[in-house]
Amino acid sequence: MTDKFADHLRGVLAGIEAEGLMKRERFIEGAQGAHVTVGGRRMLNLCANNYLGLAGDARLVAAAGAAMEGHGFGMASVRFICGTQDIHGALEARLARFLGMEAAILFGSCFDANGGLFEPLLGAEDAIVSDSLNHASIIDGIRLSKARRYRYANSDMADLRLRLVEAREGGARFVLIATDGVFSMDGYLAKLGDIRALADEFDAWVMVDDCHATGFMGAKGAGTPAHAGVRVEILTGTLGKALGGALGGYVAASAPVADLLRQRARPYLFSNALPPAVVGAALAALDIVEAADELRARLVEHARYWRAGLAGAGFALLPGEHPIIPVMIGEAPLAQAFAAALDKRGVMVSAFFFPVVPRGAARIRTQMNTALTREDLDFALDAFAAAGREVGVLA
Ligand SMILES: *Cc1c(COP(=O)(O)O)cnc(C)c1O
């Protein structure tokens with residue numbers, strides 16, 4: 001029995017390998033940054049979510065150390081038993097203020113925030129209308145709720161309207177539209193202006209997962225709602241990307257939402273409190289980020305330059321303005337070969353393929369960040385052109 005089970009698992013793995021879908025992890029020797037060391041080789045890193053370059057920032061390392069000095073290493077408790085320190089409360093208040101919301105509640109990750117969000121708020125008499133490209137954690141969170149589920153084609157506002165009509169005709173009590181602020185495989189922004197208008201028309205709330213926007217999009221980095229100039233009822237996000245890149249997630253919303261999640265959200269109730277180092281560094285990160293208009297402008301400029309350089313070299317891109325800039329390849333093995341050819345040239349990228357993107361839509365997802373220099377980008381453009389010719393992505 002046991003051997004058969006393990007044999008079966010080996011078979012599944014062999015299938016993944018045979019299809020060219022095996023993901024392999026590289027061991028970075030040292031801190032995350034624009035340049036990293038892998039196997040003793042210095043590499044230019046174009047695939048981190050380190051949008052504002054804070055992941056290796058000395059100020060955050062110092063803030064984390066100071067928080068550990070004053071508050072220790074671990075909490076050894078969930079929040080409601082004895083795992084809440086003054087700094088947890090301060091960070092929740094700080095996040096709410098930063099995001100322009102009434103309240104915020106911390107989770108161990110945004111995966112947990114999204115996983116725990118829906119079930120306490122919505123019951124069988126309610127409806128959730130969800131974008132088809134939403135992050136896996138939203139999909140899982142919705143599955144865990146008893147609400148009726150409706151799915152609309154990615155950013156298709158006519159389809160969203162149809163699903164809202166269905167939900168209302170089905171007699172839904174409350175309706176929540178759920179969307180990523182930025183769809184991370186494509187770098188597309190949600191059409192929040194249109195979504196807000198439809199939500200108002202159908203008396204629905206809007207929930208936005210802003211993991212790939214908080215800190216660098218919108219005025220003061222408040223995210224895609226600020227970028228689009230709309231209000232949303234629920235915002236979820238991560239401390240694991242632009243806000244320092246460690247870990248932690250949150251829900252920001254009105255007080256009753258946060259208060260009820262504190263009572264009922266399962267990943268909040270049954271999982272450990274964030275450690276002081278992470279909380280202290282996040283407080284410092286928010287101060288840095290709020291004052292980082294110059295970094296945000298540099299990020300926009302980098303994205304524009306990188307996008308134009310790749311397009312000029314003949315690569316197939318998706319249109320957009322976000323610092324996520326995917327280079328479309330097609331089949332997974334070719335994307336892997338391209339990534340390997342770049343690796344050889346000292347450029348670290350990641351090939352994305354099924355199941356994280358549809359079959360036949362494999363890509364190299366490049367991401368800009370403010371720790372990169374113009375020289376880095378020029379070096380990378382040369383490497384992309386040479387590697388592209390080597391593996392046949394470019395003619
Ligand atoms: C990264 C990401 C998450 C997960 O965030 P973690 O804090 O790493 O769990 C959730 N949603 C979206 C859209 C993301 O990009």
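Computed from a predicted model, the values in this text were never measured in an experiment.

Caption draft 1: Here's a closer look at the sheet that holds strand β15 (residues 362–367). Taken together, the three strands give an open sheet; going across it, the order is β12-β15-β14, and neighbouring strands pair in antiparallel fashion. Each of the sheet's edge strands pairs with one partner strand only, and the pair in question is β12 (324–330) and β14 (351–352). Strand direction decides the pairing type here: β12 and β15, joined by six bridges, are antiparallel. The residue of β15 that forms the bridge with Ile 325 is Thr 366. Against the sheet, helix α13 (residues 293–313) engages β12 and β15, with an angle of about 20° to β12. Across the face of the sheet, helix α14 (residues 332–344) comes into contact with β12, β14 and β15 while running at roughly 35° to β15.

Caption draft 2: Seen up close, the pattern of salt bridges. All chains considered together, the criterion is met by 25 salt bridges. Between Glu 17 and Arg 24 there is a salt bridge; the shortest N-O distance is 2.5 Å. Look at Glu 17 and you get partly exposed, because its relative accessible area is 38%. Among the residues examined, Arg 24 registers a relative accessible area of 59% and is labelled exposed.

Caption draft 3: Highlighting the sheet that holds strand β13 (residues 347–348). Spatially, β1-β2-β13 is the arrangement adopted by the three strands of the open sheet, whose pairing is mixed. Edge positions in the sheet fall to β1 (35–38) and β13, since each of these pairs with one other strand and no more. Examined bridge by bridge, strand β2 (residues 41–45) and β13 share two bridges and lie parallel to one another. Across the sheet, residue Asn 45 finds its bridge partner in β13, namely Met 348.

Caption draft 4: Summary view of the packing of helix α4 (residues 86–99) against helix α12 (residues 276–290). Here α4 crosses α12 at 25°, and the two axes come no closer than 10 Å. As far as their axial angle goes, α12 and α4 are roughly parallel. Of the two elements, α4 crosses α12, and the hand of that crossing is left-handed. Side by side, α4 and α12 meet where Ile 87, His 88, Ala 90, Leu 91, Arg 94, Leu 95 and Phe 98 of the first sit next to Pro 276, Val 279, Gly 280, Ala 282, Leu 283, Leu 286, Asp 287, Val 289 and Glu 290 of the second. When its residues are assigned to classes, the contact of α4 with α12 shows eleven nonpolar, two polar and three charged.

Caption draft 5: Up close: helix α10 (residues 255–264). Among all positions of α10, only Ala 255, Val 257, Ala 258 and Leu 261 are buried. Seen from one end, α10 has its buried residues packed into an arc of 165°, which puts them on one side. In α10, the exposed residues that point more than 90 degrees away from the buried face are Pro 256, Gln 263 and Arg 264. Residues of α10 that are buried make contact with β3 (103–107), α5 (110–121), β9 (205–209), β10 (234–238), β11 (249–253) and α11 (266–269).

Caption draft 6: The arrangement of the site of the ligand in detail. If you check the shell around the ligand, you find 13 residues, and the closest are Cys 110, Asp 209, His 212, Thr 238 and Lys 241. With respect to the ligand, the side chain of His 135 contributes an N or O atom lying 3.4 Å from a nitrogen atom. Within the side chain of Asp 209, a nitrogen or oxygen atom sits 2.6 Å from a nitrogen atom of the ligand. When the ligand is considered free in solution it has 380 Å² of accessible area, and contact with the protein chains removes 82% of it. Broken down by element, the residue count for the shell around the ligand peaks at three residues, all from α5.

Caption draft 7: Geometry of the packing of α13 against helix α15 (residues 374–391). Look at α13 against α15: their axes get within 10 Å of each other, and the N-to-C directions meet at 20°. Taken together, the axes of α13 and α15 are roughly parallel relative to one another. The interaxial crossing formed by α13 with α15 has right-handed handedness. Between α13 and α15, the residues in contact are Glu 301, His 302, Tyr 305, Trp 306, Gly 309 and Leu 310 and Arg 374, Leu 377, Asp 378, Ala 380, Leu 381 and Phe 384, respectively. Residue classes in the contact of α13 with α15 are distributed as seven nonpolar, two polar and three charged.

Conventions and cut-offs
- Residues numbered from 1 in each chain as written.
- Predicted model: local features only at pLDDT ≥ 70, side-chain atom pairs only at ≥ 80, totals over all residues.
- Heavy atoms only, no water.
- Pairing = 2+ DSSP bridges.
- Helix = DSSP H or I, 4+ residues; strand = E, 2+ residues; numbered from the N terminus.
- Contact = heavy atoms within 4.5 Å.
- Axes fitted to C-alpha atoms, helices over the stretch in contact; angles between N-to-C directions.
- Salt bridge = Lys/Arg side-chain N within 4 Å of Asp/Glu carboxyl O.
- Buried < 20%, exposed > 50% of the residue type's maximum accessible area, 1.4 Å probe, protein only.
- Parallel < 35°, antiparallel > 145°, perpendicular 65-115°, else oblique.
- Left-handed = near helix turned anticlockwise from the far one by under 90°.
- Nonpolar A, V, L, I, M, F, W, Y, C, P; charged D, E, K, R; others polar.
- Arc of directions from axis to C-beta.
- Near = heavy atom within 4 Å.
- Polar contact = N/O pair within 3.5 Å; in protein donor to acceptor, adjacent residues only side chain to side chain.
- Areas by Shrake-Rupley, 256 points an atom, 1.4 Å probe, with all protein chains shown as cover.

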